[in-house]
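Now for the letters of each chain:
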Amino acid sequence: MEHSKEQIDLIREVFHYSHLFNDAVFVIKIDYRIIDHPLFPSLVKDLALLHQMGIKMVIIPGAKARIEEVLDRYGIETRTAEGVRISTEESIPFIKMAAFDVSNRIMTMLAGQKVHAVIGNWVRARSMGVIKGLDYQQTGIVEKIDVALVKKILAEGLIPVFPCIGWNSLGKPYNINSNELATVASISLKAQKLFFVTPYPGLTESAYKIPPGAYLAPDGRISRLSVEAALEFSRLNADSSDPLLEYIDFGCRAASRQVDRVHIIDGTIDGVILKEIFSNLGMGMMIHGNIYDSIRSMEPRDVSDVLRLMEPLVEKEILVRRTEDQLNASYENYVVYEVDDSIHGCGALVEFSGDTAEIAGIAVDQSYKHLGIGQKIVEYLIGEARKRGLGRVFVLTTQTADWFQQLGFVPGDISDLPEDRRRIYDTKRKSKIFKFLL
Ligand SMILES: CC(C)(COP(=O)(O)OP(=O)(O)OC[C@H]1O[C@@H](n2cnc3c(N)ncnc32)[C@H](O)[C@@H]1OP(=O)(O)O)[C@@H](O)C(=O)NCCC(=O)NCCS
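Residues numbered from 1 in each chain as written. Predicted model: local features only at pLDDT ≥ 70, side-chain atom pairs only at ≥ 80, totals over all residues.

Structural notes on the overall build of the protein chain
When you go through the protein chain residue by residue, the secondary structure sums to 15 helices and 24 strands. For the protein chain, the C-alpha atoms occupy an extent of roughly 85 × 50 × 35 Å along the three principal directions. Sorting the 438 residues of the protein chain into buried and exposed places 37% on the buried side. Taking as baseline every contact in the protein chain between residues at least 6 positions apart, the subset at least 24 positions apart corresponds to 68%. (Helix = DSSP H or I, 4+ residues; strand = E, 2+ residues; numbered from the N terminus. Buried ≥ 20, exposed ≤ 12 C-beta atoms within 10 Å, placed from the backbone. Contact = placed C-beta atoms within 7 Å.)

Written out as structure tokens, the structure reads:
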């Protein structure tokens with residue numbers, strides 16, 4: 001039963017998301033080391049599936065390691081400064097060769113999945129110039145992307161593949177950072193998602209200083225950061241040499257400029273991109289703007305979702321059963337926690353006499369437990385009670401006493417309930433009473 005419920009939930013989630021991504025643009029940056037990984041063909045297959053579903057996608061292969069291989073093979077020496085290779089006039093033909101070679105490999109593998117892709121010169125670049133007296137020569141930065149042309153290609157049902165090369169207005173080539181290219185492409189194309197497919201496992205709590213507001217998965221993985229929390233994370237861990245920090249910096253840049261979500265994922269895990277897209281718990285780390293966390297007032301259209309959310313908890317007698325009619329009559333007391341247009345939590349603030357209110361009906365989707373959602377809902381309702389100038393809130397609970405105490409509630413008794421609530425107190429249920437002074 002439990003297994004089949006999970007499957008049904010998964011199918012629902014997939015349908016929900018496939019509807020959300022109609023016409024969406026995803027920018028996918030793939031690290032070169034992933035392209036050589038034995039599971040890469042399976043990632044390409046997943047990308048082909050997404051493409052066939054109608055998701056428009058742009059692929060940006062990283063070529064750093066391939067460029068190094070080619071330069072090595074031909075005995076071309078270059079130097080790096082501040083982690084950036086200085087691309088000399090002598091090295092640039094070899095760098096181009098390596099960048100196009102990697103793009104070609106991706107195009108060939110997509111052809112094997114019957115997906116058409118094109119490699120092109122849609123990126124205008126200029127030299128990084130002279131920094132601290134050092135001439136970066138043909139190492140460039142992205143100036144702009146020919147968005148109209150790329151959109152035309154996407155509308156034709158093709159996948160544009162961007163080598164990490166850009167050209168100036170006279171056709172001079174520059175080697176550009178593919179993470180920067182992916183970031184600028186996602187912003188220019190107003191992409192819904194930017195993926196960094198990396199060869200690294202995610203960031204874990206134990207190895208870093210964690211800013212407030214970070215979401216941790218039960219395995220200790222940092223699963224979500226708002227832009228603000230991600231910036232704070234970078235600041236707190238600035239002395240770390242973890243290569244994932246570069247992705248976080250670029251991710252912040254994209255997510256603060258209207259790219260809805262940036263996902264940093266471990267491309268060596270089979271199916272990682274599907275799991276990351278079709279379940280908002282994901283498998284990697286996500287950076288998002290402020291829209292992700294949204295608690296909003298409940299509306300009548302939410303009633304069926306809230307009933308479904310409560311049902312397993314009612315069955316376990318944790319929550320009191322509410323009927324559809326009751327919820328329709330009292331929906332204004334409720335707030336819902338919504339992620340990607342689907343509801344994963346709810347709670348109510350019901351006012352009583354004597355400047356008091358009951359916090360009731362707190363429920364969190366059981367697949368989304370331990371993410372801090374319950375706490376957020378309670379804090380939101382407490383804030384709401386303060387705004388209304390109330391003096392005290394209380395809860396009645398049979399199985400969640402410890403949790404409310406962790407949130408600062410203190411034990412009370414029936415004399416703490418206002419008269420109009422005491423009258424309807426269900427003596428058979430024997431709920432414990434906790435109060436919180438505002
Ligand atoms: C209780 C509930 C709201 C918590 O939601 P949540 O989003 O998982 O909560 P948070 O992530 O903010 O907090 C989780 C912490 O609370 C603790 N916790 C969760 N349920 C608990 C319970 N019943 N008793 C004591 N502590 C509990 C966990 O240990 C967890 O700590 P951890 O993450 O360090 O392991 C949720 O589990 C739920 O819907 N429960 C059933 C409904 C219910 O009890 N409602 C309250 C009666 S009105």
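Regarding the sheet that holds strand β18 (residues 294–297)
Here we have 7 strands laid out as an open sheet, ordered β18-β19-β20-β21-β22-β24-β23, and mixed in their pairing. The strands lining the two open edges of the sheet, one partner per strand, are β18 and β23 (410–412). The sheet shows a mean angle of 30° between the axes of neighbouring strands, direction not considered. In terms of strand pairing, strand β20 (residues 342–352) meets strand β21 (residues 356–364) through 7 bridges, oriented antiparallel. Within β21, the position partnered with Glu351 by the bridge is Ala357. Here helix α11 (residues 303–315) sits on the sheet and contacts β19 (334–339), β20 and β21; the angle it forms with β20, its principal contact strand, is near 85°. Where helix α13 (residues 373–387) meets the sheet, its contacts fall on β18, β19, β20, β21, β22 (392–397) and β24 (432–437), and the angle it forms with β20 comes to roughly 35°. (Pairing = 2+ DSSP bridges. Axes fitted to C-alpha atoms, helices over the stretch in contact; angles between N-to-C directions.)

Re the site of the ligand
Residues in contact with the ligand amount to 20 residues; listed here are only the nearest, Lys369, Gly374, Gln375, Thr400 and Asp402. Those elements giving two or more residues to the shell around the ligand turn out to be β21, α13, β22 and α14 (401–406). Looking at the shell around the ligand, the element that brings in the most residues is β21, giving 4 residues. Of the residues in the shell around the ligand, the class split is 11 nonpolar, 7 polar and 2 charged. (Near = placed C-beta within 6 Å. Nonpolar A, V, L, I, M, F, W, Y, C, P; charged D, E, K, R; others polar.)

Points about the nonpolar core
Val27, Ile28, Val58, Leu181 and Ala185 are the most contacted members of the largest nonpolar core, which totals 108 residues. No fewer than three residues from each of domain 1 (20–288) and domain 2 (294–437) sit in this core. Contacts of Val27, omitting those with residues within four sequence positions, involve Val58, Ile60, Ala182, Ala185, Ser186, Leu189, Ala191 and Leu194. (Core = buried A, V, L, I, M, F, W, Y, C linked by C-beta atoms within 7 Å. Domains from an automatic or database assignment.)

As for the domain arrangement of the protein chain
Parsing the protein chain into structural domains produces domain 1 (20–288) and domain 2 (294–437). For domain 1 and domain 2, the distance between their C-alpha centres works out to 43 Å. Counting from both sides, the interface comprises 5 residues of domain 1 and, opposite them, 7 residues of domain 2. Here the side of domain 1 that touches domain 2 is composed, by residue class, of 4 nonpolar, 1 polar and no charged.

Looking at the pairing of strand β15 (residues 222–226)
Of all the 5 residues making up β15, 5 are buried; the element is thus mostly covered by neighbouring parts of the structure. For strand β14 (residues 215–216) and β15, the ladder comprises 2 bridges, and the chain directions are antiparallel. Note that in β15 the partner of Tyr215 across the bridge is Arg224. The turn joining β14 and β15, which pair antiparallel and follow one another in sequence, is formed by 5 residues; a positive phi near 90° is taken by Gly220. Summarising the sheet, β15 and strand β17 (residues 285–288) pair through 3 bridges and their orientation is parallel. Bridging across to β17, Leu225 finds its partner in Ile287.

With respect to unusual backbone geometry
Most of the time, phi is negative for any residue but glycine, and the peptide bond is trans. With phi around 50°, Lys190 is a residue other than glycine that occupies positive phi space. Examined against the element boundaries, Lys190 turns out to sit in the loop between α7 (178–188) and β13 (193–198). Residue Lys190 is classed as partly exposed on the basis of its 14 C-beta neighbours within 10 Å.

Quick word on the environment of Glu68
Topologically, Glu68 is positioned in helix α4 (residues 64–73). When the 15 C-beta atoms within 10 Å are taken as the criterion, Glu68 is described as partly exposed. As for Glu68 and Thr78, which are separated by 10 residues in sequence, their C-alpha atoms are 9.5 Å apart.

Concerning α7
Of all 11 residues that make up α7, 8 are buried, and the element is covered over most of its length. Those residues of α7 that fall on the buried side of the exposure criterion are Ser178, Asn179, Leu181, Ala182, Thr183, Val184, Ala185 and Ser186. Contacts made by the buried residues of α7 are with β1 (25–30), β2 (56–61), β6 (123–127), β9 (140–145), β13 and α9 (244–255). Lys190 lies just past α7 and shows a positive phi near 50°.

Thoughts on the packing of α7 against α9
Direction vectors running N to C along α7 and α9 enclose 15°, while the axes themselves pass 9 Å from each other. With respect to α9, the element α7 is oriented roughly parallel. Like other packed secondary-structure pairs, α7 and α9 cross with a definite hand, here right-handed. Residues Asn179, Glu180, Thr183, Ser186 and Ile187 of α7 form the contact with α9, whose participating residues are Glu246, Tyr247, Phe250, Arg253 and Ala254. Residues of the contact of α7 with α9, tallied by class, amount to 4 nonpolar, 3 polar and 3 charged. (Parallel < 35°, antiparallel > 145°, perpendicular 65-115°, else oblique. Left-handed = near helix turned anticlockwise from the far one by under 90°.)

Quick word on the pairing of β2
β2 sits mainly inside the fold: 6 of its 6 residues count as buried. By the bridge criterion, 6 bridges tie β1 to β2 in an arrangement that is parallel. If you follow Val25 over to β2, its bridge partner there is Lys56.

A look at α11
One full turn of an α-helix is made of 3.6 residues, so residues set three or four places apart face in the same direction. Look at α11: 18 Å from first C-alpha to last across 13 residues, which is about the 18 Å you get at 1.5 Å a residue. By the largest-angle criterion, Leu309 marks the main kink of α11, which is about 30°, and a proline, Pro312, follows within four residues. A positive phi of about 60° marks Glu317, the residue just after α11. (Expected span 1.5 Å × (residues − 1). Bend = angle between axes of the 7 residues up to and from the residue.)

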